[in-house]
Amino acid sequence: VRQVHALLRRDVASLWKDAEVRVIGSRAFGLHGKASDTDFELHLPSGNNGRGALSKVLKALRKHKLFKIRPILKAKVPLLRFVDKGSSLTFDLTASCRRITAHHHSPQDSTGIPGPSGEAPSPPPPPPPPQRISGD
């Protein structure tokens, strides 16, 4: 998984200087099982087109010839689903075209995958309690 994440990050860096690839979903929180897929999200600067961006990544992935790739670009949430030919691990990549913000670092490395200790990232803080509005 780390190798695929690194490969995706290299490909994305060659296409956009301000983009990131993050691990999301169950694997990001250490809740995945042995048969779980890995979900990645491509974070692009505002103004990019998600479908167009995934098409560019698709071309880059095909050059490696390491994956069986199924583009699902006409869905409401377009994605690339690809399977590593060597390990049979399944990956999904979606795209998000919004402002990139810093994210909380946890006891994980930069891949977003729990380290050897198995610690999952800290969940976000709970929302503030609702404010009481006094009636007249």
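That block above? That's the structure.
Keep in mind it's a predicted model, so treat the numbers as computed, not measured.

Criteria and cut-off values
Residues numbered from 1 in each chain as written. Predicted model: local features only at pLDDT ≥ 70, side-chain atom pairs only at ≥ 80, totals over all residues. Heavy atoms only, no water. Helix = DSSP H or I, 4+ residues; strand = E, 2+ residues; numbered from the N terminus. Buried < 20%, exposed > 50% of the residue type's maximum accessible area, 1.4 Å probe, protein only. Salt bridge = Lys/Arg side-chain N within 4 Å of Asp/Glu carboxyl O. Polar contact = N/O pair within 3.5 Å; in protein donor to acceptor, adjacent residues only side chain to side chain.

## Digging into the environment of P78
Here comes step 1: Its place among the elements puts P78 in the loop between β3 (67-72) and β4 (79-84).
Here comes step 2: By relative accessible area, which is 12% here, P78 ends up buried.
Here comes step 3: Along the backbone, P78 and A95 are 17 residues apart, and their C-alpha atoms lie at a distance of 7.7 Å.

## Let's talk about the pattern of salt bridges
Here comes step 1: In total, this model carries 2 salt bridges according to the counting rule given.
Here comes step 2: A salt bridge links R22 to E20, with the nearest nitrogen and oxygen atoms 2.7 Å apart.
Here comes step 3: Assessed through its relative accessible area of 17%, R22 is described here as buried.
Here comes step 4: Judged by relative accessible area, E20 falls into the partly exposed class, the value being 26%.
Here comes step 5: A salt bridge links D92 to R81; the nearest nitrogen and oxygen atoms lie 2.7 Å apart. Here D92 is found in strand β5 (residues 90-97), whereas its partner R81 is found in strand β4, with 11 residues between them in sequence.
Here comes step 6: The class for D92 is buried, based on a relative accessible area of 7%.
Here comes step 7: Classification of R81 by relative accessible area gives partly exposed; the value is 30%.

## A look at the environment of H43
Here comes step 1: Here H43 shows up in strand β2 (residues 38-44).
Here comes step 2: Among the residues examined, H43 registers a relative accessible area of 5% and is labelled buried.
Here comes step 3: Remark: the alpha-carbon pair of H43 and C97, spanning 54 residues in sequence, is separated by 6.1 Å.
Here comes step 4: Polar side-chain contacts of H43 include one of 2.9 Å to the side chain of E41.

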